[in-house]
Amino acid sequence: VLARLEGRPATVPVTGNDEITDIGEALSWFVDTISARERALTESERRFRDLVEGALVGIYIHREFEIVFSNDTFARMLGHPSAAALMQQPSLLAVIPEEKWPEARGHYDRLLMGKEMRRHRVNTRRIDGSMIWLDLTERVVDWMGRPA
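In this text the structure is predicted, and so the values were computed from the model without any measurement. (Residues numbered from 1 in each chain as written. Predicted model: local features only at pLDDT ≥ 70, side-chain atom pairs only at ≥ 80, totals over all residues. Heavy atoms only, no water.)

Participant: For this particular structure, what's the right way to read the side chain of H80?
Facilitator: Topologically, H80 is positioned in the loop between α2 (72-77) and α3 (83-86). Once residues lying within four places of it in the same chain are set aside, the contact partners of H80 are A75, A85, L86, Q89 and I127. (Helix = DSSP H or I, 4+ residues; strand = E, 2+ residues; numbered from the N terminus. Contact = heavy atoms within 4.5 Å.)

Participant: Quick question: what am I supposed to make of the layout of surface pockets here?
Facilitator: The gaps of empty space that remain are located by a probe, the size of a water molecule, rolled over the atoms. Each pocket or cavity is described by its volume, and for the largest pocket that value is around 970 Å³. Surrounding the largest pocket, 37 residues form its lining, Y60, L136, T137, E138 and R139 being those nearest its centre. Broken down by secondary-structure element, the contributors of at least two residues to the lining of the largest pocket are β3 (60-63), α2, α4 (101-112), β5 (119-125) and β6 (131-137). Looking at side-chain class alone, the lining of the largest pocket contains 23 nonpolar, 7 polar and 7 charged residues. (1 Å grid on protein atoms, 1.4 Å probe; cavity = no way out; pocket = protein on both sides within 12 Å on 5 of 7 lines; lining within 4 Å. Points joined across faces, edges and corners; volume = space filled by probe spheres on them. Nonpolar A, V, L, I, M, F, W, Y, C, P; charged D, E, K, R; others polar.)

Participant: Would you take a moment to explain the nonpolar core for this structure?
Facilitator: One recurring pattern in soluble globular proteins: nonpolar side chains tend to sit buried together. Counting 15 residues, the largest nonpolar core has F65, L78, L86 and L134 as the members making the most contacts within it. At the level of elements, α2, α4 and β6 are the ones that each hand at least two residues to this core. Excluding its chain neighbours within four sequence positions, the residues that come into contact with L78 are L86, V95, T124, R125, R126, I127 and L134. Listed in part, the 5 residues of the second largest apolar core include V52, F69, W143 and A148. (Core = buried A, V, L, I, M, F, W, Y, C linked by side-chain atoms within 4.5 Å. Buried < 20%, exposed > 50% of the residue type's maximum accessible area, 1.4 Å probe, protein only.)

Given below as structure tokens:
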């Protein structure tokens, strides 16, 4: 464990039989515990990312129809080369025919009110203008501390 002493790093003793040693041991344990938790979290995030990004089904998350996450599979369904390209769209509404916007808004509002919808089909516009049907399963998730 390192401490700052007059601008220079200094080693906190972790051997001996006094209060400073006890504090050094406690700090060392604390740093080791945090490091282990950070490694476990990083590994968990990597496994999640590999699972979601490599999924054979399209996955996307939006808030108020602004896409906040998409995997490449969903982007390719809509004709985009990557999730990054799809996320440049200003709104998910761009892939829904304009006459269906009120219906889409209604689905979204019901989801946020806790009335989870199971599945429904939506006719969606690909980037080349062609239309495809998507079977959607929707649910509310916590995304960065807010519902999406």
